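This is what each chain is made of:
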There are 2 protein chains.
Amino acid sequence: MKQQLVFKALADGTRRDILRVLRSGSKSAGELSEEFSITKASLSHHLALLLNAELVRRERRGQQLIYSLNSSIAEEVMAILFGLFSHKEDS
Amino acid sequence: MKQQLVFKALADGTRRDILRVLRSGSKSAGELSEEFSITKASLSHHLALLLNAELVRRERRGQQLIYSLNSSIAEEVMAILFGLFSHKEDS
DNA sequence: TAGATATTTAGATAATAGTCTAAATATCTA
DNA sequence: TAGATATTTAGACTATTATCTAAATATCTA
């Protein structure tokens, strides 16, 4: 996991919103775009960053590209956070 | 907690390094600056963002300003992450 | 294979963010 | 209170990022 990519990806509010939308199930880029007021091109840019950070997965279904959450990375992020904040010498 | 401030603060590698350094105990701005190759002014800027996000606390001791981790916010961040990635309808 | 649909990529622009130097503020001590 | 030390704040510069429009790519279907 590229730590820097993950934290950068999570730093944008739109991208966190995308993750929240995907909680209710996988969606195509087009379906996702209905939930946001930015252009499809901008959304595609955000999806690329999320994909690059491995926060989402992507698969093609015909003409559509279907995006879904990659929850396993969440555990890794939490482990890192735990590491950032746990005091050394603590039992 | 201002979610946006926290995620933005965590997005920068230098700031995550600052948190890691503080794991071994609280430090003054000057002591911290010995650990980094940026100027004290730049470091001060990062510390201000961490403070603003409530990821660190600050107290004055004479001429020095002592920074320490605010671990309680880590729990909140993890809760948010959990929320971002947990599938709806999941038990 | 031509046209329609779904999505990304390229290139431009504007806003944000990180860094620096120089100056300002706060505290201590002789 | 003057000077020294510790740190922040201000202002400028550069790099990165988010957004847009227009063009390109991929897939399906008549």
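Caption draft 1: Geometry of the overall build of chain A. On a plain count of helices and strands, chain A comes out with five helices and three strands. Counting helices and strands in the order they occur from the N terminus, chain A gives α-α-β-α-α-β-β-α. C-alpha extents for chain A along the principal axes are approximately 55 × 25 × 20 Å. Of all intrachain contacts in chain A linking residues separated by at least 6 positions in sequence, the fraction that spans at least 24 positions is 51%. As displayed, chain A offers around 5100 Å² of accessible surface, 46% of which is attributable to carbon and sulfur atoms.

Caption draft 2: Fine view of the protein's contact with DNA strand D. By nearness alone, 24 residues border DNA strand D, and Ser 42 and His 46 of chain A together with Gly 30, Ser 44 and Tyr 67 of chain B come closest of all. Close to the protein, within 4 Å, the atoms of DNA strand D are drawn from sugar and phosphate at a rate of 76%. At 3.0 Å from a phosphate oxygen of DNA strand D is found a side-chain nitrogen or oxygen belonging to Arg 15 of chain A. A distance of 3.1 Å separates a base oxygen of DNA strand D from a polar atom in the side chain of Gln 63 of chain B. Elements supplying a minimum of two residues to the surface near DNA strand D: helix H4 (40-52) of chain A together with helix H3 (29-33), helix H4 (40-52) and strand E3 (64-69) of chain B. In terms of residue count, the dominant contributor to the surface near DNA strand D is H4 of chain A (five residues). A per-class count over the surface near DNA strand D returns seven nonpolar, 11 polar and six charged.

Caption draft 3: Layout of the pairing of E3 of chain B. Residue and element names in this part refer to chain B. Both strand E1 (residues 27-28) and E3 contribute to a ladder of two bridges, which runs antiparallel. Looking across to E3, one finds that Lys 27 is bridged to Tyr 67. Bridging between strand E2 (residues 56-61) and E3 involves six bridges; their strand directions are antiparallel. In the sheet register, Glu 59 faces E3, and the bridge partner there is Ile 66. The antiparallel hairpin formed by E2 and E3 contains two residues in its connecting segment, where Gly 62 sits at a positive phi of about 65°.

Caption draft 4: How the structure looks around the relation of the copies chain B and chain A. Structural alignment of chain B on chain A gives an RMSD of 0.0 Å, achieved by rotating through 180° and translating 0.0 Å along the axis. Interpreted geometrically, this transformation is the action of a two-fold axis.

Caption draft 5: Region of the structure containing helix H1 (residues 3-10) of chain B. Turning to H1 of chain B, its buried residues number three or more, namely Val 6, Phe 7, Ala 9 and Leu 10 of chain B. Down the axis, H1 of chain B shows its buried residues gathered within 160° of arc, on one side only. Buried residues belonging to H1 of chain B abut helix H1 (3-10), helix H2 (13-22) and helix H5 (72-85) of chain A together with helix H2 (13-22), H4 and helix H5 (72-85) of chain B.

Caption draft 6: Layout of the pattern of salt bridges. All names here are of chain A. For the structure on display, the rule yields two salt bridges over all chains. Asp 17 is paired through a salt bridge with Arg 20; the nearest N and O atoms lie 2.9 Å apart. Of this pair, Asp 17 and Arg 20 both sit in helix H2, three residues apart, roughly one helical turn. For Asp 17, a relative accessible area of 34% corresponds to the partly exposed category.

Criteria and cut-off values
- Residues numbered from 1 in each chain as written.
- Chains lettered and ligands numbered in written order.
- Predicted model: local features only at pLDDT ≥ 70, side-chain atom pairs only at ≥ 80, totals over all residues.
- Heavy atoms only, no water.
- Helix = DSSP H or I, 4+ residues; strand = E, 2+ residues; numbered from the N terminus.
- Contact = heavy atoms within 4.5 Å.
- Areas by Shrake-Rupley, 256 points an atom, 1.4 Å probe, with all protein chains shown as cover.
- Near = heavy atom within 4 Å.
- Polar contact = N/O pair within 3.5 Å; in protein donor to acceptor, adjacent residues only side chain to side chain.
- Nonpolar A, V, L, I, M, F, W, Y, C, P; charged D, E, K, R; others polar.
- Pairing = 2+ DSSP bridges.
- Least-squares fit on C-alpha atoms with pLDDT ≥ 70 in both.
- Buried < 20%, exposed > 50% of the residue type's maximum accessible area, 1.4 Å probe, protein only.
- Arc of directions from axis to C-beta.
- Salt bridge = Lys/Arg side-chain N within 4 Å of Asp/Glu carboxyl O.

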